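Structural characterization, general
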Amino acid sequence: MPGEEPKAVPSTTDFPYDREKAQDDARRLITMVLLIVFLLAIAAAYAYVSWIGTWNEIKDWSLLVVPSLTSLLSVATGFYLGTRTT
């Protein structure tokens with residue numbers, strides 16, 4: 001509006017960078033993405049079996065994919081929930 005001064009952009013010192021929060025947010029995001037991928041892979045496998053495939057096909061697929069996804073999810077969860085020593 002006329003006659004009013006424009007609002008200033010806040011400086012970076014008003015909101016300092018918090019490294020711990022940024023790391024925590026990144027770990028949370030990675031863990032959630034891996035969990036969603038894991039659950040979608042399991043759901044897709046069962047959907048495939050129930051509509052198209054046979055159990056032998058899904059068994060072969062699950063022997064390859066499920067252990068690798070489980071290990072990725074376990075590592076990410078362990079990293080996120082693990083204790084840190086400084």
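These remarks concern the structure in this document. (Residues numbered from 1 in each chain as written. Predicted model: local features only at pLDDT ≥ 70, side-chain atom pairs only at ≥ 80, totals over all residues. Heavy atoms only, no water.)

**Quick look at the pattern of salt bridges**
For the record, the criterion: When a carboxyl oxygen of Asp or Glu lies within 4 Å of a side-chain nitrogen of Lys or Arg, that pair is called a salt bridge. Only DSSP runs of H or I reaching four residues or more are called helices, and only runs of E reaching two or more are called strands; each is numbered from the N terminus.
Within the structure shown, the criterion is met by 3 salt bridges. A salt bridge links Lys21 to Asp25; the nearest nitrogen and oxygen atoms lie 3.0 Å apart. Of this pair, Lys21 and Asp25 both sit in helix 1 (residues 19-51), 4 residues apart, which is roughly one turn of that helix. Two residues, Arg28 and Asp25, come together in a salt bridge whose shortest N-O distance is 3.2 Å. Here Asp25 and Arg28 lie together in helix 1, a separation of 3 residues that amounts to about one turn. Beyond isolated ion pairs, a larger network of salt bridges with shared partners links Lys21, Asp24, Asp25 and Arg28.

**Describing the environment of Leu72**
We count it as follows: Buried residues are those whose accessible area, probed at 1.4 Å on protein chains only, stays under 20% of the maximum for their type, while exposed residues exceed 50% and partly exposed ones sit between those limits.
Along the chain, Leu72 turns up in helix 2 (residues 55-81). We classify Leu72 as partly exposed; its relative accessible area is 46%. When the C-alpha atoms of Leu72 and Leu35 are compared, they prove to be 9.2 Å apart, with 37 residues separating the residues in sequence.

**Some remarks on the environment of Ile42**
The residue Ile42 is located in helix 1 in this model. The exposure class of Ile42 is partly exposed, given its relative accessible area of 24%. Residues Ile42 and Val66, 24 residues apart in the sequence, show an inter-C-alpha distance of 7.7 Å.

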